[in-house]
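Chain residues, written in single-letter form:
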Amino acid sequence: MIQIAVFSDVHGNLPALNAVLQDMEKRGIQQKFCLGDLVDFAPWGNEVTEKIKHLNIPCLMGNHDERIAFDIPVVPLSKHSQEETEARFIAIDYSKQHITKENKKFLSALPFHLKLNYKVGKKQWNIQLVHSSLSSNDTYLYESENDEVFAAMLKESQSDIVVMGHTHLSFRKSFENNKWAINCGSVGRSKEENRLASYLVLTMGEEQIIPEIVQIAYPLEETVHAIEESGIPNYYADFLRNEKALML
């Protein structure tokens, strides 16, 4: 049996990341992978990036990492309210102003995809890691998406499991022959009602693979207070308290 952990979308929330990493350690999980979006919306973008570097956790380039690394202009999104649009511009600018040169360089060199292969007995498991999809790190694929979309991803990547993040909403979808499409949720900016930090544990045996979405509490008020004391709009503190309506 082999266990690995996959997490995503930390978004500068260091207390949430610490809680998730501590939970992994308690479970004895040594191999960890991050699907990206280390920065934006909470004030510890540098600390989160440095922790990922220090722990040598393989990490993909999320859309927010790419924007900060290459100074890509912020474009309003139709799905956002005017309030969120204004807050988003300010929050992303905060990251651009505070990211260190070393961390910016690190973000710029992150890979787009990662393919894993594990052998358990006579069985080899192929696991495709993406931030949001095979073709983009800014595509929103929800559980309600047509199954054919995920089946096509599994076929194109020639994998047994595709794991993604980006939407901040976890799900597990099973297909024939023990194949899975999984969203591991968000560590630092969950859009689920409970706002708990989410990550994925994959347990691989010779006969099957078992995916578990783990959701844990963290010192949320510490993050909320830090946002309120920073130059990041309080919109994101209220969001974590679940005082804002769920926005997909």
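Residues numbered from 1 in each chain as written. Predicted model: local features only at pLDDT ≥ 70, side-chain atom pairs only at ≥ 80, totals over all residues. Heavy atoms only, no water.

A.B. asks: So what about the pattern of salt bridges? Which residues, and what values?
C.D. replies: All chains considered together, the criterion is met by 10 salt bridges. For the salt bridge of glutamate 25 with lysine 32, the shortest nitrogen-to-oxygen distance reads 3.0 Å. (Salt bridge = Lys/Arg side-chain N within 4 Å of Asp/Glu carboxyl O.)

A.B. asks: Describe the environment of glutamate 207, and please don't skip the residues or the numbers.
C.D. replies: When you line up the elements, glutamate 207 lands in the loop between strand 8 (197-204) and strand 9 (209-216). When its relative accessible area of 70% is taken as the criterion, glutamate 207 is described as exposed. Measuring from C-alpha to C-alpha, the distance between glutamate 207 and lysine 123 comes to 7.4 Å, with 84 residues separating the pair along the chain. (Helix = DSSP H or I, 4+ residues; strand = E, 2+ residues; numbered from the N terminus. Buried < 20%, exposed > 50% of the residue type's maximum accessible area, 1.4 Å probe, protein only.)

A.B. asks: Quick one: what's the story with the packing of helix 1 (residues 14-26) against helix 2 (residues 45-54), residue by residue and with numbers?
C.D. replies: Between helix 1 and helix 2, whose axes approach to 9 Å, the crossing angle comes to 25°. Relative to helix 2, the element helix 1 is oriented roughly parallel. Taken together, the residues of helix 2 that come into contact with helix 1 (itself represented by Leu14, Leu17, Asn18 and Leu21) are Glu47, Val48 and Lys51. Partitioned by chemical class, the residues of the contact of helix 1 with helix 2 number four nonpolar, one polar and two charged. (Axes fitted to C-alpha atoms, helices over the stretch in contact; angles between N-to-C directions. Parallel < 35°, antiparallel > 145°, perpendicular 65-115°, else oblique. Contact = heavy atoms within 4.5 Å. Nonpolar A, V, L, I, M, F, W, Y, C, P; charged D, E, K, R; others polar.)

A.B. asks: Describe the sheet that holds strand 4 (residues 123-129), listing the residues and the values that go with them.
C.D. replies: Spatial strand order, 3-4-5-7-6: five strands in an open sheet with mixed pairing. With one partner strand each, in any of the chains shown, strand 3 (114-120) and strand 6 (171-175) form the two edges of the open sheet. Strand-to-strand twist in this sheet, taken as the mean axis angle between neighbours without regard to direction, amounts to 15°. In this sheet, strand 7 (residues 179-183) lies alongside strand 6 in antiparallel orientation, the contact comprising five bridges. By the bridge assignment, arginine 172 is partnered in strand 7 with isoleucine 182. Contacts from helix 6 (residues 147-157) reach strand 3, strand 4, strand 5 (161-164), strand 6 and strand 7, with the element oriented near 70° to strand 6. (Pairing = 2+ DSSP bridges.)

A.B. asks: How would you sum up the packing of aromatic side chains? Please name residues and give values.
C.D. replies: Counting across every chain of the model gives four aromatic pairs. Measuring from centroid to centroid gives 5.1 Å for tyrosine 235 and tyrosine 236, while their planes differ by 75°, and the two rings are edge-to-face. For tyrosine 235, a relative accessible area of 4% gives the class buried. Given the relative accessible area of 2%, tyrosine 236 is considered buried. Lying over the aromatic face of phenylalanine 239, arginine 189 brings its terminal NZ or CZ to 4.2 Å of the ring centre. (Phe/Tyr/Trp six-rings, centres within 6.5 Å; stacked < 30°, edge-to-face > 60°. Lys NZ or Arg CZ within 6 Å of the ring centre and 35° of its normal.)

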